[in-house]
Amino acid sequence: MDLRMDQIEIKRNGDTVSRVVFAPAVSGFAGIIRTLGRVFMVYDEAVERYAVEVKGHCPNVAGNFVLHNVSEESKTVRTADNICRWLLEAGADRNSSVLAVGGGIVSDMAGFAASIYKRGIRASYLPTTLLAQVDAAIGGKTGVNLDSYKNIIGTFHQPEYTFVCPEVLESLPDRVFADGLTEMLKTFIIDNGIHGDRVERMMTAVSMQARCRMETEFSALVAEAASVKAGVVTRDELEGGERRKLNLGHTFAHAIEHCANGTISHGEAVAIGLSMAAHLSESLGIARSGTAERIDGCLDTCGLPKKCPFPVAMLEDAMRKDKKSEDDKVHFILVRDIGDVVERLMDVSEAMDILAGHCGTER
Ligand code: GLY
């Protein structure tokens, strides 16, 4: 990995459709943002200082839509509808750009609104959480929730730019930072790099340094995670095959989030899902022995949970309603080894029978 790399491209049929750009601080993106035409900024009030900074550097910001109390509950069609109404009132046309400033909920929603407003206008993202930097804000999935079912309504709409900088990580609460560590770990379990050392380097960074998030090595790992995702999306943008690997741990996670009603974050749910996927893989004889223990150890190092607190029957019901379930079967992503995952279509009840001991109350 070239540590000086400051841009990653996502391609479709050889043409660049999306760029992930790196800089040390938000101000480093002003030059590009100034080229985006009239920019309509949608931002989370919790990160207002970055929105103010962008506005200060970029006179082409034509208006702001402030999102208050951002949560999975507010990630709805109604909010996307409000963003579209505002775009219309503020005079956004087909040459305008939406710039989302915030975490994954903000980029998912603002990206969704941009993808349907006047049949689609450009969107760019300035992700302010680690989770959004390595996953949510890259790859073009947009969406909103339907009741407590996650991302049931959505589109594929590639962001023109995703702006990634360590500055925004500095003041992230530890729990929110840990959410992002989950998606990084997931990415490196899928692709541990040509030297097979990404997970180990990540664990060294996390365990040695409370402030690892501001270190050069950590920024390099963020860029590597972004680059893995960009590569997968370039090869399989619409999730016909390889992209499903990025759902490692997520089928369990979405069911856990549904049962948790907002008490467990997405990253924590994915952490539990990673552990469940690893244990399922070992029980099926797919994983190299010790893989689940190794993944559980990584989750411990990151201060993330491993055990599902909900009864297996509750989880099973939610999994059947997942948008990816087909005839009560789900494409589970299983782990053969760190850096080597495989897809298997399995009956939900077969998987959950095996995992009963990993859940809150046995059948
Ligand atoms: N978050 C998984 C994906 O973008 O495909």
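Further up the page is the structure itself.
Let us look at the structure shown here.

Rules of the game
- Residues numbered from 1 in each chain as written.
- Predicted model: local features only at pLDDT ≥ 70, side-chain atom pairs only at ≥ 80, totals over all residues.
- Heavy atoms only, no water.
- Pairing = 2+ DSSP bridges.
- Helix = DSSP H or I, 4+ residues; strand = E, 2+ residues; numbered from the N terminus.
- Near = heavy atom within 4 Å.
- Polar contact = N/O pair within 3.5 Å; in protein donor to acceptor, adjacent residues only side chain to side chain.
- Areas by Shrake-Rupley, 256 points an atom, 1.4 Å probe, with all protein chains shown as cover.
- Nonpolar A, V, L, I, M, F, W, Y, C, P; charged D, E, K, R; others polar.
- Contact = heavy atoms within 4.5 Å.
- Buried < 20%, exposed > 50% of the residue type's maximum accessible area, 1.4 Å probe, protein only.
- Core = buried A, V, L, I, M, F, W, Y, C linked by side-chain atoms within 4.5 Å.
- Phe/Tyr/Trp six-rings, centres within 6.5 Å; stacked < 30°, edge-to-face > 60°.
- Lys NZ or Arg CZ within 6 Å of the ring centre and 35° of its normal.
- Axes fitted to C-alpha atoms, helices over the stretch in contact; angles between N-to-C directions.
- Salt bridge = Lys/Arg side-chain N within 4 Å of Asp/Glu carboxyl O.

### Comments concerning the pairing of strand S7 (residues 141-146)
Bridging between S7 and strand S8 (residues 149-156) involves five bridges; their strand directions are antiparallel. Among the inter-strand pairings, Gly143 is bridged to a residue of S8, identified as Gly154. The antiparallel pairing of S7 with S8 creates a hairpin that spans two residues between the two strands, and Asp147 there sits at a positive phi of about 50 degrees.

### Topic: the site of the ligand
Near the ligand you find Asp135, Lys141, Lys229, Glu239, Arg243 and Leu246, and these make up its full shell. For the ligand, a nitrogen atom lies 3.1 Å from a polar atom in the side chain of Asp135. Interatomic distance of 2.5 Å between a side-chain N/O atom of Lys229 and an oxygen atom of the ligand. Considered on its own, the ligand offers 200 Å² of accessible surface; in the complex 89% of this is hidden by protein. In terms of residue class, the shell around the ligand is made up of one nonpolar, no polar and five charged.

### Some points on the side chain of Thr182
By the element assignment, Thr182 lies in helix H6 (residues 174-190). For Thr182, the residues in contact, after removing those within four places along its chain, are Gly267, Val270, Ala271, Leu274 and Leu304.

### Description of the side chain of Thr291
When you line up the elements, Thr291 lands in helix H11 (residues 291-301). The class for Thr291 is buried, based on a relative accessible area of 5%. Look past the residues within four positions of Thr291 in its chain and what remains in contact with it is Glu282, Val335, Arg336, Asp337 and Ile338.

### Focus: helix H9 (residues 250-260)
Among the 11 residues in H9, 11 count as buried, and that is most of the element. When we look at burial in H9, the residues that qualify are His250, Thr251, Phe252, Ala253, His254, Ala255, Ile256, Glu257, His258, Cys259 and Ala260. In the core, the buried residues of H9 are packed alongside S8, H6, helix H10 (266-283), helix H12 (312-320), strand S10 (329-337) and helix H13 (348-355).

### Looking at the nonpolar core
Nonpolar side chains tend toward joint burial in soluble globular proteins. In this structure, Met184, Met202, Phe218, Phe252, Ile256, Met276 and Met352 are the most contacted members of the largest nonpolar core, which totals 100 residues. Once residues lying within four places of it in the same chain are set aside, the contact partners of Met202 are Leu181, Met184, Leu185, Phe188, Leu221 and Cys302. Residues Phe112, Ala113, Tyr125 and Ala137 belong to the second largest nonpolar core, which totals 28 residues.

### Here's the deal with the packing of aromatic side chains
In this structure the tally under the stated criterion is six aromatic pairs. Seen in terms of ring centroids, Phe40 and Trp86 are 5.8 Å apart; in terms of plane orientation they differ by 75 degrees. Their pairing is edge-to-face. In this pair, Phe40 sits in strand S3 (residues 39-44) while Trp86 sits in helix H3 (residues 77-90), placing the two residues 46 residues apart along the sequence. Taken individually, Phe40 and Trp86 each receive the classification buried, so the pair is uniform in this respect. Grouping aromatic residues by their ring pairs yields a cluster made of Phe29, Tyr161 and Phe163. Seen from the ring of Phe177, Arg213 lies directly overhead, with NZ or CZ sitting 4.1 Å from the centre.

### Structural notes on the sheet that holds S3
Backbone hydrogen bonds hold the strands of a sheet together, and the pairing may be parallel or antiparallel. Strand order in this open sheet of seven strands is S1-S2-S9-S6-S5-S3-S4, and the pairing throughout is mixed. Two strands in the sheet have a free side with no partner beyond their single neighbour: strand S1 (7-12) and strand S4 (61-67). Each neighbouring strand pair of the sheet contributes to a mean axis angle of 20 degrees, computed without reference to strand direction. As judged from the six bridges shared by S1 and strand S2 (residues 15-22), these two strands associate in the antiparallel manner. Bridge assignment links Lys11 to a residue of S2, and that residue is Thr16.

### Some thoughts on the environment of Ala113
You can see Ala113 is positioned in helix H4 (residues 104-116). Since its relative accessible area comes to 0%, Ala113 is described here as buried. Residues Ala113 and Ala80, 33 residues apart in the sequence, show an inter-C-alpha distance of 5.2 Å. Filtering out sequence-adjacent residues up to four positions away, Ala113 remains in contact with Ala80, Ile83 and Cys84.

### Topic: the pattern of salt bridges
By the definition in use, this model includes 27 salt bridges. A salt bridge links Glu183 to Lys186; the nearest nitrogen and oxygen atoms lie 3.0 Å apart. Within this pair, Glu183 and its partner Lys186 are both found in helix H6, separated by three residues, close to a single helical turn. The pair Glu183 / Lys186 is uniform in exposure class, with both members buried. A salt bridge links Asp340 to Arg336; the shortest N-O distance between them is 3.2 Å. Since its relative accessible area comes to 28%, Asp340 is described here as partly exposed. Relative accessible area serves as the criterion here: at 38%, Arg336 is assigned to the partly exposed category.

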